[in-house]
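Coordinate analysis (summary)
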Amino acid sequence: MAGMTLYDKLWQSHLVDQRDDGSALIYIDRHLIHEVTSPQAFEGLRMANREPWRRDCNIAVPDHNVPTRPYERRAGIAGISDPLSRLQVQTLGDNCREFNIVEIQIDDRRQGVVHVVGPEQGATLPGMAVVCGDSHSCTHGAFGALALGIGTSEVEHVLATQCLSQEKMRNMLVRVDGHLQKGVTAKDLVLAIIGKIGTAGGTGFAIEFGGQVVRDMSMEGRMTLCNMSIEAGARMGMVGVDDTTLNYVKGRPYAPRGAVWDAAVTAWRQLTSDIDAKFDTVIQLRGEDIKPQVTWGTSPEMVLPIDASLPLPRDVEDEAQRDALEGALNYMGLEPGTAIVDIRPDKIFIGSCTNARIEDLRSAAAIVKGRHIAPSIKLAMVVPGSGEVKRQAESEGLDEVFTAAGMEWREPGCSMCLAMNADRLAPGEHCASTSNRNFESRQGFGGRTHLVSPAMAAAAAVTGHFVDVRDWEAS
Amino acid sequence: MIKFTELSGVVAPLNRANVDTDLIIPKQFMKSIRRSGFGPNLFDELRYLNEGRPGEDCSARPLNPDFALNQARYHGAAILLARENFGCGSSREHAVWALNDYGIRCVIAPSYADIFFNNCFKNGVLPIVLNADLVDRLFDEVYATQGYRLHIDLQEQQIFSLQGEPIQFDVEPRRKHNLLGGIDEIGDTLQYSEAIRAFEQTWRQQSPWLFNTKERQQ
Ligand code: SF4
């Protein structure tokens, strides 16, 4: 019998019931909740007179709607000026109180984007099945966890039954051998992968990331990689457990300690794919080949290396593809053939569950240190992923590096990743953004998003156009 | 859950690949804490020429005349014909609520994003997968025929049009069963309560660090 993949092992260990029709009941260990996708689920519980199956597995945190301006945040929920946003955050609090669920509230020092907070608190552990009513739940797969995003009906289902009804996905291995060049990050790698396989390339698959580049990567980098699995169409992305994983988890507030920790480590060491494991698809890349990436269109697969120029529609034979290309160029207000380095962002957003962890902020700060943002930049904002990240960054003086450079240092939240709060682009504005989606109007009605790494966003802030950070001299 | 057995309706074409859920229902409308009321904002940015605000009366907003759902011939559409990777991006179930609220109970496309596909079944919306050639043919027929309608029979897994042979489609047995019966999936799963409890007990012995994690909080 062939060996098992990491996904096979995680699936097997959480299988409550395998039905003849191919569907299965999977047990859920950790359920993370935020304010946007949960109100209707709690309402459903109330209407059916149901209680949560297990309370201790649920952790809630408001993140999508919270304001990031310090003066608005000081007043807690009352400080949210948009009444609909305020009601949504208030409703999360009310529901958590009613159903006795732990909530990290808006003014809690640990508050932040749910996918930053979970791992940081040790609430995400290797070998767990983790779900959240949010497609970027795949982030948690970086810990060797079975982590996937669910819809609101499934949020209610998990609350009520502790289980999810699922069909098993197929296995895909993305293996990245060699080493990344200096200045090239996990973000560039995952954008390059999406460019290669397309936004539907991972549909129906659980992706495992492996190879030397991934082994050498920090947990922050692995989370960035897994975070954008969904942009490749895969509901799950994961990385096998190794010392990097264990060192990150050890000592975190929710992590086990003492003898329980030792027992856990023994179990977690098994959480890698067997050497003879069989994958349905294997994608291979070489780390050395990856250059810094910039998206130029309205889908994450519309991505190019920094030294490239935009495609010419007349070179595209397929009519549907040509239409899509023209539509995207048109929306983005970009001429065919423009060099990526000639694209000039109006705003800079460093934040989101993809790239707002401490390592991301350090790499952005290293670029802007001792420099100032270009006069053409209307706004450059840095939004830490969580209160913990914010405090850590402040203790290292990064906030001062950013503000001295003319950037704004904000309070944690999703912010301009999806612009549900006041942070947004005006129509037609271009943004260098470290987030994960460049869909039309994602960052504000008519806004134009370019997805990049934190270092690339910082460099664009300084020069006023995209530049190759591999050529960047540290000051 | 809402039942789906048979459906007859006008078909509207959405000739565009990779339609994401941000496009189906933009985020400003996700501030609602209810499941209904999303219909007027379905495809808001494609449908209207100005930016929509939550709670606003949409009847006074300028319509985009090029968008199919605004054209008289597609009025009252219950079936949406779409392209590859429909529903990609955000997991927001609001996208399906908006389709449903508008009156679209069935989508036909060559492929869907996994989460959206799954969310459809929870809300009595049937996402049908047909191969790209068949979808192409349906697009041709829709454009060629005013008031083009289809009849969908889930029990028989067939699509009937006025022209040609019925088209067979696949659907996973459990999803079909749940849709046909309007099954409450939570109630259904709770019938497995004993199995869940038994699993939980063993799992707790094997992996005690996954339980009562609150207690270890500092
Ligand atoms: S930061 Fe962006 S992608 Fe991440 S959870 Fe928030 S809105 Fe979603």
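Described below are features of the structure shown in this document. Source: prediction; values computed, not measured.

**So, the overall build of chain B**
A tally of helices and strands in chain B yields 8 helices and 7 strands. Judged by the C-alpha coordinates and their principal axes, chain B covers about 65 × 45 × 25 Å. Counting only residues that meet the buried cut, chain B has 58% of its 218 residues in that class. For chain B, long-range pairs separated by at least 24 residues make up 64% of all intrachain contacts whose partners lie at least 6 apart in sequence. Here chain B contributes 23 positive and 28 negative side-chain charges, whose respective centroids are spaced 7 Å apart.

**Focus on the pattern of salt bridges**
Residues and elements named next belong to chain A. Overall, the coordinates contain 42 salt bridges over all chains when judged by the stated rule. One salt bridge in this structure joins E288 and R286, with 3.3 Å as the shortest N-O distance. Overall, the relative accessible area of 34% leaves E288 in the partly exposed class. Its relative accessible area of 43% is what places R286 among the partly exposed residues. Ionic contacts of the salt-bridge type, sharing partners, join the residues R69, E408, R410 and D423 into one network.

**Observations concerning the sheet that holds strand β15 (residues 347–350) of chain A**
All names here are of chain A. As summarised here, the arrangement of the 5 strands in space is β17-β16-β15-β18-β19, forming an open sheet in which the pairing is parallel. The sheet is open, and its two borders are formed by β17 (408–409) and β19 (448–451), each paired with just one other strand. Those strands touched by helix α12 (residues 319–332) are β18 (430–433) and β19, and its axis lies near 105° from that of β19.

**Looking at the environment of G141 of chain A**
Residue and element names in this part refer to chain A. Here G141 is to be found in the loop between β6 (129–132) and β7 (146–149). Residues G141 and C226, spaced 85 residues apart in sequence, show a C-alpha to C-alpha distance of 6.3 Å. Ignoring anything within four residues of it in the chain, the contact list for G141 reads A147, C226, G237, M238 and V239.

**Remarks on helix α6 (residues 152–161) of chain A**
All names here are of chain A. For α6, the buried fraction is high: 10 of the 10 residues fall into the buried class. Among all positions in α6, only T152, S153, E154, V155, E156, H157, V158, L159, A160 and T161 are buried. Residue Q162 follows α6 closely and has a positive phi angle near 65°.

**Quick look at the interface of chain B and chain A**
Tallying the contact residues gives 58 residues for chain B and 79 residues for chain A. Counting the contacts that link chain B with chain A gives 7 salt bridges. The partner of R174 of chain B in a salt bridge is D21 of chain A, and the shortest N-O contact between them spans 3.2 Å. Applying the counting rule to chain B against chain A returns 29 residue pairs in polar contact (both at pLDDT 80 or more). At the level of elements, α1 (21–24), α3 (94–102), α4 (114–121), α6 (173–181), α7 (185–190) and α8 (193–206) of chain B are the ones that each hand at least two residues to the side of chain B that touches chain A. Partitioned by chemical class, the residues of the side of chain B that touches chain A number 18 nonpolar, 18 polar and 22 charged.

**Examining the pairing of β15 of chain A**
A regular strand places its side chains so that they alternate between the two faces of the sheet. Residue and element names in this part refer to chain A. Burial of the side chains of β15 extends over both faces: K347 and F349 are buried on one face and I348 and I350 on the other. Summarising the sheet, β15 and strand β16 (residues 379–382) pair through 4 bridges and their orientation is parallel. If you follow F349 over to β16, its bridge partner there is M381. Remark: the β15/helix α13 (residues 358–368)/β16 crossover connection has right-handed handedness. Strand direction decides the pairing type here: β15 and β18, joined by 3 bridges, are parallel. If you follow F349 over to β18, its bridge partner there is S433.

**Concerning the sheet that holds strand β1 (residues 6–13) of chain B**
Residue and element names in this part refer to chain B. With mixed pairing, the 7 strands of this open sheet are ordered in space as β4-β3-β2-β1-β5-β6-β7. At either end of the open sheet lies a strand with only one pairing partner, and these are β4 (126–129) and β7 (167–168). Here strand β3 (residues 106–109) runs beside β4; their pairing, made up of 4 bridges, is parallel. The partner of I108 across the bridge, within β4, is I128.

**Observations regarding the nonpolar core**
Residues and elements named next belong to chain A. Formed by 100 residues in total, the largest nonpolar core has its most connected members in V174, F209 and W268. With 8 residues, the single largest contributor to this core is helix α7 (residues 186–197). With residues up to four places along the chain from it excluded, the contact list for V174 reads I193, I207, E208, F209, G210, I283 and L285.

**A few points about the packing of helix α2 (residues 39–47) of chain A against helix α4 (residues 83–98) of chain A**
Packed helix pairs are characterised by how far apart their axes lie and by the angle those axes make with each other. Residue and element names in this part refer to chain A. For the pair α2 and α4, interaxial distance at closest approach is 10 Å and the crossing angle is 35°. Both α2 and α4 take part in a crossing whose hand is left-handed. Two secondary-structure elements touch here, α2 through P39, F42 and R46 and α4 through T91, N95 and E98. Among the residues making up the contact of α2 with α4, the classes are represented as 2 nonpolar, 2 polar and 2 charged.

**A short note on the packing of α13 of chain A against helix α14 (residues 387–395) of chain A**
Residue and element names in this part refer to chain A. α14 packs onto α13 with a crossing angle of 40° between their chain directions and a minimal axis gap of 9 Å. With respect to their mutual orientation, α13 and α14 come out oblique. Read as a crossing pair, α13 and α14 show a hand that is right-handed. The residues of α14 that touch α13, namely those facing I358, L361 and R362, are V389, Q392 and A393. Here the contact of α13 with α14 is composed, by residue class, of 4 nonpolar, 1 polar and 1 charged.

**A short note on α8 of chain B**
For the α-helix, the turn length of 3.6 residues means that residues three or four positions removed from each other point alike. Along its 14 residues, α8 of chain B runs 20 Å from first to last C-alpha, staying within 8% of the 20 Å computed at 1.5 Å per residue. Regarding α8 of chain B, the residues found buried are S193, I196, F199, E200 and W203 of chain B. The arc enclosing the buried residues of α8 of chain B, seen along the axis, measures out at 125°, which places them on a common side. Residues of α8 of chain B that are exposed and point more than 90 degrees away from the buried face comprise E194, R197, Q201 and Q205 of chain B. Tucked inside the fold, the buried residues of α8 of chain B contact α1 (6–13), β1 (15–18), β2 (23–27), α6 and β8 (163–167) of chain A together with α7 of chain B.

**Regarding the packing of aromatic side chains**
Under the definition given, this model contains 16 aromatic pairs over all chains. Between F86 of chain B and F116 of chain B, the ring centres sit 5.3 Å apart and the planes meet at 75°, which makes this aromatic pair edge-to-face. Of this pair, F86 of chain B sits in the loop between β2 (79–81) and α3 while F116 of chain B sits in helix α4; the two residues are 30 residues apart in sequence, bridging distant segments of the chain. Here F86 of chain B matches F116 of chain B in class, with each residue buried. Linked through ring pairs, F86, Y112, F116, F117 and F121 of chain B together constitute an aromatic cluster. The ring of Y248 of chain A is capped by R252 of chain A, whose NZ or CZ atom sits 3.8 Å from the centre of that ring. R61 of chain B extends its terminal NZ or CZ atom over the ring of Y48 of chain B, reaching a point 3.8 Å from the ring centre.

The rules behind the values
Residues numbered from 1 in each chain as written. Chains lettered and ligands numbered in written order. Predicted model: local features only at pLDDT ≥ 70, side-chain atom pairs only at ≥ 80, totals over all residues. Heavy atoms only, no water. Helix = DSSP H or I, 4+ residues; strand = E, 2+ residues; numbered from the N terminus. Buried < 20%, exposed > 50% of the residue type's maximum accessible area, 1.4 Å probe, protein only. Contact = heavy atoms within 4.5 Å. Lys, Arg positive; Asp, Glu negative; His and termini not counted. Charge placed at Lys NZ, Arg CZ, Asp CG, Glu CD. Salt bridge = Lys/Arg side-chain N within 4 Å of Asp/Glu carboxyl O. Pairing = 2+ DSSP bridges. Axes fitted to C-alpha atoms, helices over the stretch in contact; angles between N-to-C directions. Polar contact = N/O pair within 3.5 Å; in protein donor to acceptor, adjacent residues only side chain to side chain. Nonpolar A, V, L, I, M, F, W, Y, C, P; charged D, E, K, R; others polar. Right-handed = clockwise from strand over helix to strand, strands pointing away. Core = buried A, V, L, I, M, F, W, Y, C linked by side-chain atoms within 4.5 Å. Left-handed = near helix turned anticlockwise from the far one by under 90°. Parallel < 35°, antiparallel > 145°, perpendicular 65-115°, else oblique. Expected span 1.5 Å × (residues − 1). Arc of directions from axis to C-beta. Phe/Tyr/Trp six-rings, centres within 6.5 Å; stacked < 30°, edge-to-face > 60°. Lys NZ or Arg CZ within 6 Å of the ring centre and 35° of its normal.

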